[in-house]
Amino acid sequence: MPIYVAIILGLIQGLTEFLPVSSSGHLILAQYLFNLPEDMLLFNIILHVATLLAVLIVFRLRIWQLVRHPFNKTNLALVLATIVTVSLVLIFKDIIDRTFTARVLPITFFITAIILFATTFVRENPNQNTDDAELEITKKSALATGLAQAIAVVPGFSRSGFTIATALATGTKRQAAAEFSFLMSIPIIIGALVLELVSGPVSSDIEIFPLVIAFLVALVSGVFAIKFMLRIVRRIKLYWFSLYLVILAIVTVFVI
């Protein structure tokens, strides 16, 4: 794999994993455009580890707080959301696997754009921008975001976009919705890594240097993307990302 391709794929994973535009959709599209093999298990694992590490770095203090005080509302919400996501993904795994193709991307990108645009009509809590020590995630919101996260496994559906939009729709404050979305990604990324490891032998024709470069790029860009989203979620509506996705959906129709 050329170094520039490794850089591009690492950048795509790092940014789109946390921006509401679908990392899996962008990676599948990039693999198609660069004529890369569909089975890139080791490379995908490396990219997932990088984005997992990005979350751990940015939220290290928050995670340590949750570990020290395991019996709190936030951990309960995370457990509920994760159970819903994992259960649904395992039940519908065969159907989900068949969606990992570039042909679905124009439709799923466009649906994600609609979901993000729909947040325009969400009635915001007047105290929504108030900083709180504890996330205000209700059981209803946790269950709903777990469902949204399961649906967003399909390429082209944005995990962060769907979960943040769902949290907002169920009355969660903006900052809390974004933070909860990123914390939710930790068990899911770990679960995806385990699933990929047990699904088959880990081998790759890609040289070690491109793997290292892709990992570092995904890590740095992932940290940037998380901090960027945490800053703008309080000021910018998610529907601005929907315009990009509509354009991408149209372009994808002509390139696949």
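Residues numbered from 1 in each chain as written. Predicted model: local features only at pLDDT ≥ 70, side-chain atom pairs only at ≥ 80, totals over all residues. Heavy atoms only, no water.

(A) How the structure looks around the packing of aromatic side chains. Across all of its chains, the model carries five aromatic pairs by this definition. With centroids separated by 6.3 Å and ring planes inclined at 70 degrees, the aromatic side chains of Y4 and F34 adopt a geometry described as edge-to-face. Here F34 lies in the loop between α2 (23-33) and α3 (41-58) and Y4 lies in helix α1 (residues 3-16), a separation of 30 residues in the sequence. The interplanar angle of 15 degrees and the centroid separation of 5.9 Å between the aromatic rings of F224 and F228 together place this pair among those described as stacked. With a gap of four residues between them, F224 and F228 both fall in helix α11 (residues 208-232), about one helical turn apart. By relative accessible area, F228 is classed as partly exposed at 28%. Connected via pairs of aromatic rings, a cluster forms that spans F18, F59 and F182. (Phe/Tyr/Trp six-rings, centres within 6.5 Å; stacked < 30°, edge-to-face > 60°. Helix = DSSP H or I, 4+ residues; strand = E, 2+ residues; numbered from the N terminus. Buried < 20%, exposed > 50% of the residue type's maximum accessible area, 1.4 Å probe, protein only.)

(B) Fine view of unusual backbone geometry. The phi angle at S22 is positive, at roughly 80 degrees, despite the residue not being glycine. Its place among the elements puts S22 in the loop between α1 and α2. Given a relative accessible area of 1%, S22 falls into the buried group. The backbone phi angle of N35 is positive, close to 55 degrees, even though this residue is not glycine. Secondary-structure assignment places N35 in the loop between α2 and α3.

(C) Local environment of the environment of L36. By secondary structure assignment, the location of L36 is in the loop between α2 and α3. The spacing of L36 and M1 is 35 residues in sequence and 8.8 Å in space, taken between C-alpha atoms. Setting aside residues up to four positions removed in sequence, L36 forms contacts with M1, V5, L9 and Q31. (Contact = heavy atoms within 4.5 Å.)

(D) Molecular detail of the environment of A102. Mapped onto the elements, A102 comes out in the loop between α6 (93-97) and α7 (105-118). A residue is classified by how much of its surface remains accessible, and A102, at 11% relative accessible area, is buried. Measuring from C-alpha to C-alpha, the distance between A102 and Q31 comes to 9.2 Å, with 71 residues separating the pair along the chain. Non-local contacts of A102, meaning those with residues more than four positions away in its chain, are made with I28, Y32 and I256.

(E) A look at the nonpolar core. Counting 62 residues, the largest nonpolar core has F59, F182, I226 and M229 as the members making the most contacts within it. Sort the elements by how many residues they give to this core and α11 lands first, with ten residues. In this structure F182 touches F18, V55, F59, R159, I226, M229 and L230, once residues within four positions along its chain are discounted. Residues A152, V154, F157 and F162 belong to the second largest nonpolar core, which totals five residues. (Core = buried A, V, L, I, M, F, W, Y, C linked by side-chain atoms within 4.5 Å.)

(F) Quick look at helix α12 (residues 239-255). Compared with an ideal rise of 1.5 Å per residue, which puts 17 residues at 24 Å, α12 spans 25 Å between its outermost C-alpha atoms and is within 8% of the ideal. Looking at α12, one finds that the buried residues are F241, S242, L245, L248, A249 and T252. The buried residues of α12 all sit within an arc of 120 degrees when viewed along its axis, so they share a single face. In this structure, α12 carries W240, L243 and F254 as exposed residues pointing more than 90 degrees from its buried face. Buried positions along α12 lie against α2, α7 and α11. (Expected span 1.5 Å × (residues − 1). Arc of directions from axis to C-beta.)

(G) The pattern of salt bridges, seen in detail. Inspection of the entire model under this criterion finds two salt bridges. Residue E179 pairs with R62 through a salt bridge whose shortest N-O separation is 2.8 Å. One end of the pair, E179, is in helix α10 (residues 174-199); the other, R62, is in helix α4 (residues 60-68), and 117 residues separate them in sequence. The class for E179 is buried, based on a relative accessible area of 15%. Judged by its relative accessible area of 11%, R62 falls in the buried class. Here D97 and K93 are joined by a salt bridge, their closest N and O atoms 2.9 Å apart. Residue D97 and its partner K93 are located together in helix α6, separated by four residues, close to a single helical turn. On the accessibility criterion, D97 (39% relative accessible area) is partly exposed. (Salt bridge = Lys/Arg side-chain N within 4 Å of Asp/Glu carboxyl O.)

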